[in-house]
Amino acid sequence: MAIKYVPEPFRIKVVEPLKMMTRAEREQAIARASYNMFRLKGEECYIDLLTDSGTNAMSQEQWAGIMRGDEAYAGASSYFKFVEAAQDIFGYGYIQPVHQGRAAEKVLFPTFLSEGKFAISNMFFDTTRAHVILAGARPIDCCCEEGKNPALRAKFKGNMDVERLEEIIKEKGAENIGMVVMTITNNSAGGQPVSLQNMRDVAAICKKYGIHLNIDAARYAENAYFVKRDEQECQDWPIKRIVREMFALADTFTMSAKKDTIVNMGGCIGVKDPESPLILKIKANCISFEGFYTYGGLNGRDLEALAIGLYEGIDEDYLRYRIGQMEYLASRLDDAGIIYQAPVGGHGPFIDAAKIYPHIPYNEFPGQVLAIELYKEAGIRTCDIGSYMLGNDPDTGEQLHAENEFTRFAIPRRVYTQSHIDIMADALIAVRDRAKEIKRGYKITWEPPILRHFQASLAPIE
Ligand SMILES: *Cc1c(COP(=O)(O)O)cnc(C)c1O
């Protein structure tokens, strides 16, 4: 039985109309987009779950803040307001705004990574993986075993495999490990949380071998909510204390503010030690790539909205509703026997498409097949998080075989209602029920050399 929906702790003030299309129109649209979800127009999507990044609804306070934004080139009051909020929440000495998460990676990673080095993560997000490679180094994923088995219900499936981490460090040599990256929540493993205990264990290993520890912090607030829900020690802690405790264990963080900070654009880098020589390098790279260090590629008004969003994102009533929405959708999938990375993560269910299409091999992209069928069925735009997204081996050029073939329902924050959530479940069930009608997957007819899934052209295999 589906669980009770946690009602929204807000009401709607501004309305964005949606275009209603027929199935035939959607079939034409997806063919025109070369079967690439990123090449559909936004207005062609009735429910857009392509990403929860930058697609969130800002509050009236944030919109009011937009009007107060200070557009001074250097030293704007909005910059100081943002830095003060971030320092208060994360407890870090230095905060560098940048225009989004990948900009943080571009600015920070080359200071640690170069040819011959490795970076190890509980699991790299796609742009994070790309920035490791662009810096000349090689990424290594080291997720715990539980995280690799979608049907297995366990707590903290986003954790690092700590034993394996130490083995890899010994194998490659500690001096060759440029950094360890803890992604919280673990996006590519299904928005699965990382426990405070795991963070402590990883930090201890990094300390033992003298390796820099960076947090990829896009969904730090949702992670903190899971820690509070599922880690005994933290049950009575305020969210902010959990965040502080987690971040105190790392040296730096890179953050896309387009997720848990509930803005449409923004990001930052944090450095714990206010005296760190790293800060000068970050400022220098930021000035070259992003703009002067007091705006980092953002408008003053964006910094103002960010400062407010940081606090709204850790509000416990909001987080209860947010995670409650995921749990409600997941319970509908449970009722229908649909396998997803369970229990559901922070930003939506990651459906095990290989279970729905067991006859379609990884190199015909079952996750992409499911995304296309959902779009045709109900105008729902999702995306593949599987072999199609993973791409080719940078050294051999061969198609990589992903651990899981997921289709991701990334749910924007404060945007969709319970009826939208029900449509998501109904569409998925309908597509699953006629899965056998789909005999073959897709082939790639054109692809760029890196981050191909954003741009590639596909065609159905006849
Ligand atoms: C979104 C995301 C990024 C990249 O951030 P952008 O703002 O999209 O550039 C990096 N890491 C993780 C875990 C993310 O979810």
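Before going into details, it helps to say that this report is about the structure given with it.

Calculation rules
Residues numbered from 1 in each chain as written. Predicted model: local features only at pLDDT ≥ 70, side-chain atom pairs only at ≥ 80, totals over all residues. Heavy atoms only, no water. Near = heavy atom within 4 Å. Polar contact = N/O pair within 3.5 Å; in protein donor to acceptor, adjacent residues only side chain to side chain. Areas by Shrake-Rupley, 256 points an atom, 1.4 Å probe, with all protein chains shown as cover. Helix = DSSP H or I, 4+ residues; strand = E, 2+ residues; numbered from the N terminus. Nonpolar A, V, L, I, M, F, W, Y, C, P; charged D, E, K, R; others polar. Phe/Tyr/Trp six-rings, centres within 6.5 Å; stacked < 30°, edge-to-face > 60°. Buried < 20%, exposed > 50% of the residue type's maximum accessible area, 1.4 Å probe, protein only.

Turning our attention to the site of the ligand. Inspection of the region around the ligand gives 16 residues, with Gln 100, Arg 102, Asp 216, Ser 256 and Lys 259 positioned closest. Contacts to the ligand include Arg 102, whose side-chain N or O atom sits 2.7 Å from an oxygen atom. Protein burial of the ligand: of its 380 Å² of free accessible surface, 98% is covered by the chains. For the shell around the ligand, the elements supplying multiple residues, two or more each, are α4 (101–108) and α5 (126–134). Along the lines of polarity and charge, the residues of the shell around the ligand split into 2 nonpolar, 8 polar and 6 charged.

Right, let's get into the packing of aromatic side chains. Scanning the model with the defined rule gives 18 aromatic pairs in all. Both rings, one in Phe 90 and one in Phe 253, keep their centres 4.7 Å apart while their planes meet at 45°; by these two values the pair is tilted. You can see Phe 90 sitting in helix α3 (residues 77–90) and its partner Phe 253 sitting in strand β7 (residues 252–256), a full 163 residues away along the chain. What makes Phe 90 buried here is its relative accessible area of 1%. You can call Phe 253 buried: its relative accessible area is 0%. The interplanar angle of 90° and the centroid separation of 6.1 Å between the aromatic rings of Tyr 220 and Phe 247 together place this pair among those described as edge-to-face. Within this pair, whereas Tyr 220 is found in helix α8 (residues 220–230), its partner Phe 247 is found in helix α9 (residues 239–247), the two being separated by 27 residues in sequence. Of the two residues examined, Tyr 220 and Phe 247, each falls in the buried class. Connected via pairs of aromatic rings, a cluster forms that spans Phe 90, Tyr 92, Tyr 220, Phe 247 and Phe 253.

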